[in-house]
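As a plain string of letters, each chain reads:
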Amino acid sequence: MTTNITFTLQDQLADMVAGETKLYEHGTDEKLAYNTIKDLAKQAIDKNIDEGLADIKAGNYRLLTKKNGHELIDNLFAKHAR
C-alpha cells in the first residue's frame, strides 16, 4: 500500500534539509526524509526490543500457556483499551 503525503517545510528547516541532501548526497529531499523516518522507526523498534529483553532478564514476564493464554491476552487488550 502506498500513501502520498505532502508537507511544506518552513524556510530554515527547508534550507537545512536542502543542505543535508546536498552534503551527504542523499539524492533527493524525499530520499532524505525516507531514510530519516526509516532510521527513527528502527531506533524505536530496537529500543522496545532492548526494554523487553531487560524485562526478561529482570524476571518481569509471565509464561504464556494454553491454560492462562486467554486471560493474559484479555488483560492486555483491556489495558490498551483504556
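Predicted model only: the values in this text are computed from it and were never measured.

Student: Any chance you could break down the overall build of the protein for me, citing the residues and the numbers?
Tutor: Across its full length, the protein carries three helices and zero strands. The linear arrangement of helices and strands in the protein, starting from the amino end, is α-α-α. Taken over C-alpha atoms, the radius of gyration comes to 21 Å for the protein, far larger than the 12 Å a tight globule of 82 residues would show. Total accessible area on the protein is roughly 8000 Å²; 58% of this is exposed by carbon and sulfur atoms. Between the averaged position of the 11 positive side-chain charges in the protein and that of its 13 negative side-chain charges there is a distance of 14 Å.

Student: Tell me about the environment of L9, and please be specific about residues and values.
Tutor: Considering the arrangement of structural elements, one finds L9 in the segment before α1 (11-23). Classification of L9 by relative accessible area gives partly exposed; the value is 30%. Filtering out sequence-adjacent residues up to four positions away, L9 remains in contact with A14 and V17.

Student: With reference to specific residues and values, describe helix α2 (residues 29-57).
Tutor: Taking 1.5 Å as the rise per residue, α2 with 29 residues should run 42 Å; its terminal C-alpha atoms sit 42 Å apart, in good agreement. The positive-phi residue at the C-terminal boundary of α2 is G59, with phi of around 85°.

Student: Tell me about a nonpolar patch on the surface, and please be specific about residues and values.
Tutor: Together, I45, I49, L53, I56 and Y61 make up an exposed nonpolar region whose accessible area comes to about 530 Å². Summarising the element assignment, I45 is placed in helix α2. Accessibility expressed as a relative area gives 51% for I45, which makes it exposed.

Student: Residues and numbers for the pattern of salt bridges, please.
Tutor: Evaluated as defined, the whole model comprises two salt bridges. One salt bridge in this structure joins D46 and K42, with 2.8 Å as the shortest N-O distance. With D46 and K42 both in helix α2 and four residues apart, this pair spans about one turn of that helix. Judged by its relative accessible area of 32%, D46 is partly exposed.

Student: Describe the confidence of the model for the protein, and please don't skip the residues or the numbers.
Tutor: Confidence in the prediction for the protein averages 89 pLDDT; 99% of positions are at 70 or higher. The least confident element of the protein is helix α3 (residues 69-81), whose mean pLDDT is 85; the most confident is α2, at 94.

Conventions and cut-offs
- Residues numbered from 1 in each chain as written.
- Predicted model: local features only at pLDDT ≥ 70, side-chain atom pairs only at ≥ 80, totals over all residues.
- Heavy atoms only, no water.
- Helix = DSSP H or I, 4+ residues; strand = E, 2+ residues; numbered from the N terminus.
- Rg over C-alpha atoms; globule rule 2.2 N^0.38 Å.
- Areas by Shrake-Rupley, 256 points an atom, 1.4 Å probe, with all protein chains shown as cover.
- Lys, Arg positive; Asp, Glu negative; His and termini not counted.
- Charge placed at Lys NZ, Arg CZ, Asp CG, Glu CD.
- Buried < 20%, exposed > 50% of the residue type's maximum accessible area, 1.4 Å probe, protein only.
- Contact = heavy atoms within 4.5 Å.
- Expected span 1.5 Å × (residues − 1).
- Patch = residues over 30% accessible without salt bridge, like charges linked within 9 Å, V, L, I, M, F, W, Y side chains within 5 Å.
- Salt bridge = Lys/Arg side-chain N within 4 Å of Asp/Glu carboxyl O.
- pLDDT = per-residue confidence, 0-100.

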